[in-house]
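Chain by chain, the residues:
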Amino acid sequence: MTCVSFVAAIDGPAGAGKSTLARKVASLLGMRYLDTGALYRAIAFSLYSRQVLPEEGPEMDAAIDDISVEILEDGLLLNGKDVGKEIRSPLVDSIVSSYAALPSVRKHLLSVQREQGKIGALVADGRDMGTVIFPDANVKIFLTASDEVRAKRRLLELRERGEDLSYEEVLQTIRERDRVDSERSAAPLRKAEGAIEMNTDALSIEEAVAELASIISERKRSVTG
Ligand code: DC
């Protein structure tokens, strides 16, 4: 598969800082940003709300056929509706991985994601950007952080939204998501060949943005001349 535009593919486990950093770097470098986790969250939210269990079969196929996700410049629409707030809930955190593991769900989102790579220079984040969706990406980054740091960041984010969860609960959900995302057979989370690994444990957001922006812009210069 050929990437028509310049693509920076960022993968890594939950809470490593992918979305925050990718969004900021994209804006800094004048590139578009694609949050693929939001697509899986929207589909999981829709299926769960309609009481469709995370299992392959005719019921799943029919339900998926009824789902449309439209990617906007900053967000997405699920069957025409803005579900930005709903898809970030602790409930969706705990159910999303089991829906994202289904090949039918992943297939439904494949072309939506690849289309975004043809529109203009793109920073895309997820679990399989560099391995499956954009295997020819111009630069691949694998972002990591320790379980504890990731749980602390997620807890802060949830508390800012008024959710009252304990550190232990958040840590457990993060570890369970990592396990399901890495052990599934369809597009498991793993470091793509040739990806640059970056650990964000000891970095502030500003430091991580600067490092990421420098890697991507350097590659962009070498590609575009
Ligand atoms: O990045 P996130 O935490 O918002 O992602 C939510 C879930 O979606 C994550 O647990 C796994 C799944 N996901 C995926 O399977 N593939 C992607 N490219 C992005 C997310």
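Residues numbered from 1 in each chain as written. Predicted model: local features only at pLDDT ≥ 70, side-chain atom pairs only at ≥ 80, totals over all residues. Heavy atoms only, no water.

### So, the site of the ligand
Taken together, 16 residues form the shell around the ligand, and within it R41, R106, R177, D181 and R184 come nearest. Contact between the ligand and T36: a nitrogen atom at 3.0 Å from a side-chain N or O atom of the residue. Between D181 and the ligand, the recorded distance is 2.9 Å, taken from a side-chain N or O atom to an oxygen atom. Burial of the ligand by the surrounding chains reaches 97%, relative to a free accessible area of 440 Å². For the shell around the ligand, the elements supplying multiple residues, two or more each, are α2 (36-49), α4 (90-100) and α8 (167-183). Take the shell around the ligand: its biggest share by element is four residues, from α2. Along the lines of polarity and charge, the residues of the shell around the ligand split into four nonpolar, four polar and eight charged. (Near = heavy atom within 4 Å. Polar contact = N/O pair within 3.5 Å; in protein donor to acceptor, adjacent residues only side chain to side chain. Areas by Shrake-Rupley, 256 points an atom, 1.4 Å probe, with all protein chains shown as cover. Helix = DSSP H or I, 4+ residues; strand = E, 2+ residues; numbered from the N terminus. Nonpolar A, V, L, I, M, F, W, Y, C, P; charged D, E, K, R; others polar.)

### Some points on the sheet that holds strand β2 (residues 32-35)
Taking strand neighbours across the sheet as the criterion, the five strands line up as β2-β6-β1-β7-β8 in an open arrangement whose pairing is parallel. With partners counted over all chains shown, the strands left at the sheet margins are β2 and β8 (196-199), one partner each. Sheet twist, expressed as the average angle between the axes of neighbouring strands with direction ignored, equals 20°. Summarising the sheet, strand β7 (residues 139-144) and β8 pair through four bridges and their orientation is parallel. The residue of β8 that forms the bridge with I141 is I196. (Pairing = 2+ DSSP bridges. Axes fitted to C-alpha atoms, helices over the stretch in contact; angles between N-to-C directions.)

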